[in-house]
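Topology and contacts: notes
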Amino acid sequence: MFIKTIEPDEATGEISALYDAERQSMGRVMQATQCWSARPDVIVPIENLLHQIRDGFSLGLLNFRLITFVVAADVPSSYCSHVYFRSLSGALGREKALAVRQDYRSAGLSDQQVEMLAYAQQITRDASRITKADIQRLRDVGLTDVNVADIALAASFRNFMSRYFDAVGATVEPEFLDDDPAVRDLMAVGRKRIDQD
């Protein structure tokens, strides 16, 4: 980490409670969480917003994770690529998660998921180029305006989060790195962790 943050053993109050909850659910406090503590006044609102977007996501947790994973490649964010590859491998299987990384359009996803990911990817690459025709394509595969808003929120929020993680030097925890060096290379789309090998 490039900046001073609140270490887990130094945390008090709301930050301590947030860290404790993450320890209970993940077995550790992730750098992705800890890096927000440089601004103690924003860490809880940021984490609450993440949970509100993710936990209330109208297309379900798997699709939220798919969006995050695909967007991470274009940010580019090695941190989020490694972390979400691990979570998608658990949900979809490792080979399908790899297929999504290589080309989500031919990875055996539904037409609705492919359109969802194309929209999320365009938000990341250049949201100013999105038109009513893009939104109509989403509607044509059965997505509602609430779904469209959720996809836009998930993609935009991931852009914000991932860019902040890189800006302050958060690095991926070793347990999220794949055992295969070729897969680690594939996920290392942005900053490469020097000690990942």
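Structure: above.
Quick summary incoming for the structure in this document. (Residues numbered from 1 in each chain as written. Predicted model: local features only at pLDDT ≥ 70, side-chain atom pairs only at ≥ 80, totals over all residues. Heavy atoms only, no water.)

Topic: the side chain of Ser77
Mapped onto the secondary structure, Ser77 falls in the loop between helix H4 (60–74) and helix H5 (78–92). Once residues within four sequence positions are removed from consideration, Ser77 is found in contact with Ala72, Ser162, Asp166 and Val189. (Helix = DSSP H or I, 4+ residues; strand = E, 2+ residues; numbered from the N terminus. Contact = heavy atoms within 4.5 Å.)

Points about the nonpolar core
In this structure, Ile67, Tyr79, Val100, Leu109, Leu117, Ile151 and Phe165 are the most contacted members of the largest nonpolar core, which totals 59 residues. Broken down by element, the residue count for this core peaks at 8 residues, all from helix H9 (residues 145–168). The contact partners of Tyr79, leaving out residues within four places of it in the chain, are Met30, Gln31, Ala32, Phe165, Ala170, Thr171, Val172 and Glu173. (Core = buried A, V, L, I, M, F, W, Y, C linked by side-chain atoms within 4.5 Å. Buried < 20%, exposed > 50% of the residue type's maximum accessible area, 1.4 Å probe, protein only.)

So, the packing of aromatic side chains
Considering all chains together, one arrives at 7 aromatic pairs under this definition. Pairing Tyr79 with Phe165 gives two aromatic rings, centres 5.5 Å apart and planes at 50°, and the pair type is tilted. Pair noted here: Tyr79 is in helix H5 and Phe165 is in helix H9, with a separation of 86 residues, a long-range link. Accessibility expressed as a relative area gives 4% for Tyr79, which makes it buried. Three or more aromatic residues joined by ring pairs make a cluster, and in this case those are Trp36, Tyr79, Phe157, Phe160, Tyr164 and Phe165. Lying over the aromatic face of Phe69, Arg101 brings its terminal NZ or CZ to 4.3 Å of the ring centre. (Phe/Tyr/Trp six-rings, centres within 6.5 Å; stacked < 30°, edge-to-face > 60°. Lys NZ or Arg CZ within 6 Å of the ring centre and 35° of its normal.)

Remarks on the packing of helix H1 (residues 13–26) against helix H3 (residues 40–55)
Where H1 contacts H3, the axes come no closer than 9 Å and their chain directions differ by 40°. On the basis of their axis angle, the class for H1 and H3 is oblique. As H1 runs across H3, the sense of the crossing is left-handed. Of H3, the residues touching H1 (which contributes Glu14, Ile15, Leu18 and Tyr19) are Pro40, Ile43, Val44 and Glu47. (Axes fitted to C-alpha atoms, helices over the stretch in contact; angles between N-to-C directions. Parallel < 35°, antiparallel > 145°, perpendicular 65-115°, else oblique. Left-handed = near helix turned anticlockwise from the far one by under 90°.)

Re helix H6 (residues 94–103)
Listing the buried residues of H6 in full gives Ala97, Leu98, Val100 and Arg101. Burial along H6 is one-sided: seen end-on, the buried residues are contained in an arc of 155°. With respect to the buried face of H6, the exposed residues turned more than 90 degrees away are Glu95 and Gln102. Against the buried residues of H6 lie H4, H5 and helix H10 (181–187). (Arc of directions from axis to C-beta.)

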